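One-letter residues, chain by chain:
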Amino acid sequence: MQNFTYCAPTKVIFGRGVESQIGSTLKDLGASRVLLHYGSGSVKKSGLLDTVITSLTQAGLSYAELGGVAPNPKLSFIQKGIDFCRAEQIDFILAVGGGSVIDSAKAIGVGLATGNDPWQYAATGTHPEANEVFPVGVVLTLAAAGSEMSNSDVITNDLVTPWVKQGITSETVRPLVAFLNPENTYTVSKFQTGCGIVDIMMHTMERYLTGDGECDLTERLAEALLVSVREAGRTAIAHPDDYEARATLMWASSLSHNDLTGCGKQRKFPAHKLEHPISALHDNVAHGAGLSVIFPAWAQYVMQHDLMKFAQLANRVWDCPMNFDHPERTAQAGIETMKRYFAEIGMPTRMSELGITPADYAPIIDLTTKGGKQPVKSYIDLYPDDIRAIYALAE
């Protein structure tokens, strides 16, 4: 186990009816004028936004609304949000939605706290200062990205050609509070539920498969989460209003990306780095759908560099019998079982299902490697030829 620092300061308020606590909680955190930030308007149609507003007004808090966040939140919209918050004298941002809404809120907060364009940090890998924090809270409506507790904020720069999707990783972007009511995910479509299941699993598996040697307790925690998500995912797809299944997925979303399942291991996230350029250049590709195609192919390509760990994952999570004489057979069986599971929950497993053909590879690879100059860090450095080979495995 490697040295690590673990800090997950987000206050989680979980369960049925937690929306009634929003106003008083934000008031205790010092809020007086709140930005309600959301996406396409489904939170209005469901009545959730009205419930949130009622809680705010009962606590004596004023608010302004900014809807319209798109999937893969765009820098142009974020910049408008920063200007809007300044004009409205906002002192707290409340994201009501899923990962895209939360990441948009975080990026707006970065701009407000630092006075800088948030893309400055995404593009350079630098971080806001520890004291440059704008308060952000979350009312979660989609179990997927884990952004409600994470120190990650992924945005898309739509002001350049081609578009670029990058992340800000900083403790300054962890939300102060997250209100998690599983009932708010009942109306999520089967496709988006499937995307969420994949994203939760990937946040966990990308911390598990790092080549860092033994880290038994952390790995056991990760395995338990993955098995729970596997079964809850099946239930939620078949029975969308099953509270316990939705509760498991929602809590797993938070735990999968608050760094708990990575303590003592390095964080590289190669499959995420391979997927982000795909959904940057092909904005119609949902992040979870891209990962369900890329991750098995990446695993196939690199498994020989950590064979026993891939076999262990196959055995403990995907119930594949361990073949100690030929662990490569167990590892391979795990990858195939995972792909069948993804297909079972309605997720794509081939590039063609994303609408991407070999003719599309070159610009994606160019963006992924910054013109071939920057390989993706994994068990080995992944250069353009390696990435093309991974794509071929996913055809």
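Residues numbered from 1 in each chain as written. Predicted model: local features only at pLDDT ≥ 70, side-chain atom pairs only at ≥ 80, totals over all residues. Heavy atoms only, no water.

1. A word on the environment of Val-43
Checked against the element boundaries, Val-43 lands in helix H2 (residues 42-45). Looking at Val-43, the relative accessible area reads 7%, which means it is buried. In sequence terms Val-43 and Gly-346 are 303 residues apart; their C-alpha atoms lie 25 Å from each other. Residue contacts for Val-43: discarding those within four places in its chain leaves Tyr-38, Leu-48, Leu-49, Val-96 and Thr-141. (Helix = DSSP H or I, 4+ residues; strand = E, 2+ residues; numbered from the N terminus. Buried < 20%, exposed > 50% of the residue type's maximum accessible area, 1.4 Å probe, protein only. Contact = heavy atoms within 4.5 Å.)

2. A short note on the nonpolar core
Residues Ile-93, Met-201, Met-205, Trp-298, Phe-310, Met-351 and Tyr-391 are the most contacted members of the largest nonpolar core, which totals 96 residues. With nine residues, the top contributor of residues to this core is helix H11 (residues 287-302). Not counting residues within four places of it along the chain, the set of residues in contact with Phe-310 comprises Leu-209, Trp-298, Ala-299, Val-302, Met-303, Ala-331 and Tyr-379. Counting residues in each nonpolar core, the second largest holds 22 residues, with Ile-13, Val-52, Ile-53 and Phe-179 among its members. (Core = buried A, V, L, I, M, F, W, Y, C linked by side-chain atoms within 4.5 Å.)

3. Remarks on H11
Its 16 residues give H11 an end-to-end C-alpha distance of 22 Å, which sits within 8% of 22 Å, the value for a rise of 1.5 Å per residue. Approximately 25° is the largest bend angle found in H11, and it occurs at Ile-294, with the proline Pro-296 only one to four residues beyond. Along H11, 14 of the 16 residues are buried, which leaves the element largely enclosed by surrounding structure. (Expected span 1.5 Å × (residues − 1). Bend = angle between axes of the 7 residues up to and from the residue.)

4. Observations regarding helix H14 (residues 361-368)
Burial in H14 covers these residues: Tyr-361, Ile-364, Ile-365, Leu-367 and Thr-368. Down the axis of H14, the smallest arc covering the buried residues is 160°, so these residues share one side. The elements touched by buried residues of H14 are strand S7 (164-169), helix H10 (270-281) and helix H15 (384-393). Just past H14, the residue Lys-370 takes up positive phi, approximately 50°. (Arc of directions from axis to C-beta.)

5. Topic: the pairing of strand S8 (residues 177-180)
The two faces of the sheet receive side chains in turn, since in a regular strand these alternate between them. Side chains Val-177 and Phe-179 project from S8 onto one buried face, and the interleaved Ala-178 and Leu-180 project onto a second face that is buried too. Note that strand S1 (residues 11-14) and S8 share four bridges and pair parallel. Bridge pairing links Lys-11 to Val-177 in S8. Across three bridges, strand S5 (residues 136-140) lies against S8 in parallel orientation. Across the sheet, residue Val-138 finds its bridge partner in S8, namely Ala-178. (Pairing = 2+ DSSP bridges.)

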